[in-house]
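# Coordinate inspection notes
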Amino acid sequence: MFDGLFMLGDGIAHFLTPISLFNIAWATLLGIVIGALPGLTATMGVALLVTLTYRMEPDQAILCLMCLYAGAIYGGSRTAILLAIPGTPASAATTLDGHPLAMRGQAGLAMGLATSASTMGTIVGIVCLALVAPLLSEAALQFGSYEFFWLALFGVLISGQLTALDDPLKGYIAGILGLLVAMVGMETLHAHVRFTFGITALSGGVDLIPAMVGAFGFAEILAVMKRTVEARVVTSADRVVPRIGEVARYWKTSIRSGLIGTFVGIIPGVGEDVGAWASYAAAKRVSKEADQFGKGSQEGLIAAETGNSAVVPGAMIPTLTLALPGSAAAAVLIAAMFIHNIRPGPLLMVENPEFLYQIVAILLFSTLAILVFGLSLTRPLLKVLAVPRERLMAVVYVLCVVGSFAITQRMFDVYVMIAFGIIGFILREMKYPMAPLVLGIILGDLLDLNLRRGLQLTNGDPSPFFTRPISAVICIVIVFTILMSIPAVNKRVRSLFSRGSTASPP
Amino acid sequence: MSDDSLSTSPSEEAEAAAASRMIRADLVMAVVLIILGAAILYGSWTMPRLELRRVHPLTVPGLVPGMLSFALIICGAILGGRSVRRPAPGGWHLLGAALLSQQAMRAGTVMVLALIYSLILVGTLPFWLATGLFVFSFVVVFEAWLGVPRKPLVPTLAWAFGLAVVTAAAVTLVFERAFLVRLP
């Protein structure tokens, strides 16, 4: 317990240097700007920044990436409130109440509440990260091939299920496509090269960074440029810094939303957007002012913003302890960690325990930076929103090309980026979520290797996959998840439950 | 874009049209997925099983791709079956119209510009020049030609030129000098 506190102190002290503080300031500010600009998402920003930071020291590189990630998730709220379009998908729920508040002339209050709610969400998430990650990491040391196979499968499935709520089938398809992409290149068990069709550049597999830059960068540019109408900025000159009373009034909602956001963050591949929607729905269900939700409810705004910000630290829990990305941006962070020779996974707490507390410290610093920038830079951020997308997107595409080229310096990676961009755009237009696809790419190798290694260890006997206790539990959860996504089964189970509840006295 | 005057509310009508279009698009996608799945299944089945290295039949390299392609075929079949069963009045027509719409043209234009830049210009011209040309043409095309409303040509040309010069210079300097990253 005290070891953890000491290491956290060390982590904070580690970043109390001028260069670190400078990096925290610019990366968080860049994140807020990226988040605020419609069409630039947190994942895309992190993927592009990997290129810029790969010559830095590992701790400074991860510091910049994490600050940008946290900043971008917050920055999206600005656009949601002032333009009624979410700056990043994470702020979609913020739009519902943030924009009506702005329309009523309370844009400043809405921005201030969004800032304080984001801070609150990150703090709840950070506490959970510092408490849960070491425990999970210790438990994960017991995991073998069997458990990791099921975890990888569970990650892709649950991400498919939760990111495509109205049509899980499309989420599953996206996940399977991602897993299939991971099958390209040399497999690790027998060193056999698969599906490369004689292209030597493919023998190492499809690199995650160019694929992400394509699926989240180029595809986003196509989606933004497709639209013909542009939104108008609504603003007002009221007070931005909220009163203590306004923030403290909904403390229960803040803590509940923070916990929900953190939990959603822990679920692999389910990101900030789901965190915000889940917290928003929960707040609406228990609120005394539920009728105000969607019409400019302060509680709704707080729930959405706390929920999405808490996902960031929450997502770091499985990312660091199991190497299962908790969100799409966390998938890029895993790739960046590998570039910098940091190996996330159960051994992280054994080999490099101070790294976890450094991440906690980074999140604390980025929260402070968000609070300062969010409450002070209201006018300059308004100017950012006025940049025409025709000019912005041209520059962003240039960054996508440079970003995908620079790491391995192969034009092949630029082609990968373009292919993923175009296919990603078509899939998005057809309502296929991107997160399971990305998760599939990163977990495909884990799934393939652990299934076959498990079978090799038992000489072809699959029973340990079903009889080891943790394996059995994850397997049952997977079967249940798939069954519940079949409409007929779902309806029957729900009717059973509702019959049960109507039979019991109210 | 249709400009018919409708008795039902326009948003409901648009939603129904989008649903019909999506049902037909799902059918096309289902066919693509089944063909892709079948091709990967064939590839996995015919993949070397490394018998000479005494590899256990349940750990062959084609095992997981085979299982995944089988899952893909099943998902494709469910998607296709669902799409056939659901009514989609005018679905094919709406899908065709969406592919020829102004929005599709705008996306297509971005793809063409991006492909010319990354496949042809980068590599043949110095990177800064290729980048400048791309940014200039992108801004001019989307502001003065495809803009809604169109912007006057002369100021657009001036803006596009300025942005092209600044982007080309900034990207080259920042990446090569400040972050020591090599450019294409």
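This structure is a prediction, so every number in the text was calculated from the model and none was measured. (Residues numbered from 1 in each chain as written. Chains lettered and ligands numbered in written order. Predicted model: local features only at pLDDT ≥ 70, side-chain atom pairs only at ≥ 80, totals over all residues. Heavy atoms only, no water.)

### Focus on the overall build of chain B
For clarity, the threshold we go by: Per the convention used, a helix needs a DSSP run of H or I reaching at least four residues, while a strand needs a run of E reaching at least two, with both numbered from the N terminus. Relative accessibility under 20% of the residue-type maximum defines a buried residue, over 50% an exposed one, and the middle range a partly exposed one, all with a 1.4 Å probe and only protein chains included. The charge count includes Lys and Arg as positive and Asp and Glu as negative, but it does not include His or the ends of the chains. One atom stands in for each charge, and that atom is NZ of Lys, CZ of Arg, CG of Asp or CD of Glu.
Within chain B, the secondary structure is distributed over 6 helices and 0 strands. For chain B, the succession of helices and strands along the chain, N to C, is α-α-α-α-α-α. C-alpha extents for chain B along the principal axes are approximately 65 × 65 × 25 Å. For chain B, with 184 residues in total, the buried portion stands at 40%. Positive and negative side-chain charges of chain B, numbering 13 and 9 respectively, have mean locations separated by a distance of 15 Å.

### Quick look at the UniProt feature "domain: DUF1468" (unreviewed entry) in chain B
Formally: UniProt positions are given in the numbering used here, feature names are shortened, and annotations may be inferred rather than shown by experiment.
Per the UniProt record, "domain: DUF1468" (unreviewed entry) is annotated on residues 28-184 of chain B. Taken end to end, residues 28-184 of chain B is 75% helix and 0% strand, and its two terminal C-alpha atoms sit 37 Å from one another.

### Concerning the environment of Phe 263 of chain A
On the secondary structure map, Phe 263 of chain A appears in helix H11 (residues 251-266). Considering only alpha carbons, one finds Phe 263 of chain A and His 192 of chain A, 71 residues apart in sequence, at a separation of 39 Å.

### Examining the packing of aromatic side chains
We apply this condition: In this scheme Phe, Tyr and Trp rings, the latter by its six-membered ring, pair at centre separations within 6.5 Å, and the angle between planes marks the pair as stacked below 30 degrees, edge-to-face above 60, and tilted otherwise. A ring has a charge above it when a Lys NZ or an Arg CZ is no more than 6 Å from the ring centre and no more than 35 degrees off the ring normal.
Scanning the entire structure with this criterion turns up 13 aromatic pairs over all chains. Each ring, one from Phe 218 of chain A and one from Tyr 397 of chain A, has its centre 5.0 Å from the other, and the planes form 55°; the classification is tilted. Residue Phe 218 of chain A is located in helix H9 (residues 208-226), and its partner Tyr 397 of chain A is located in helix H18 (residues 389-406); the two are separated by 179 residues in the primary sequence. Here Phe 218 of chain A matches Tyr 397 of chain A in class, with each residue buried. Here the aromatic residues Phe 218 and Tyr 397 of chain A together with Tyr 117, Phe 134, Phe 138 and Phe 142 of chain B are joined through ring pairs into a cluster of three or more. Here Lys 170 of chain A stacks its cationic end above the ring of Tyr 432 of chain A, 5.2 Å away from the centre of that ring. Cation over ring: Arg 49 of chain B sits above Trp 45 of chain B, and NZ or CZ is 4.5 Å from the ring centre.

### Let's talk about the interface of chain B and chain A
Put simply, the test is: Note on contacts: a residue pair qualifies if any of its non-hydrogen atoms lie within 4.5 Å across the two residues. Put simply, buried area is the surface a 1.4 Å probe can reach on two separate parts but cannot reach once they are joined, added for both. Take a side-chain nitrogen of Lys or Arg and a carboxyl oxygen of Asp or Glu: if they are within 4 Å of each other, that pair is a salt bridge. Any pair of N or O atoms that falls within 3.5 Å is considered a polar contact. Within protein, one atom must be able to donate a hydrogen and the other to accept it, and sequence-neighbouring residues count only if both atoms are side-chain atoms. Each residue is assigned to one class: nonpolar for Ala, Val, Leu, Ile, Met, Phe, Trp, Tyr, Cys and Pro, charged for Asp, Glu, Lys and Arg, and polar for all the others, Gly among them.
Taken together, the contact pairs 63 residues of chain B with 61 residues of chain A. For the pair chain B and chain A, the summed buried surface comes to about 5500 Å²; carbon and sulfur atoms form 78% of the total. Considering only the surface of chain B that becomes buried against chain A, Thr 59, Leu 68 and Phe 179 of chain B emerge as the three largest contributors, covering 11% of it. At the boundary of chain B with chain A, the tally comes to 3 salt bridges. Across the pair Arg 82 of chain B and Asp 167 of chain A runs a salt bridge whose closest N-O atoms are separated by 2.7 Å. Our count for the chain B to chain A interface comes out at 11 residue pairs in polar contact (both at pLDDT 80 or more). Listed by contribution, the elements that provide at least two residues to the side of chain B that touches chain A are helix H1 (10-45), helix H2 (63-85), helix H4 (102-124), helix H5 (127-145) and helix H6 (153-178) of chain B. Grouping the amino acids of the side of chain B that touches chain A by side-chain chemistry returns 47 nonpolar, 10 polar and 6 charged.

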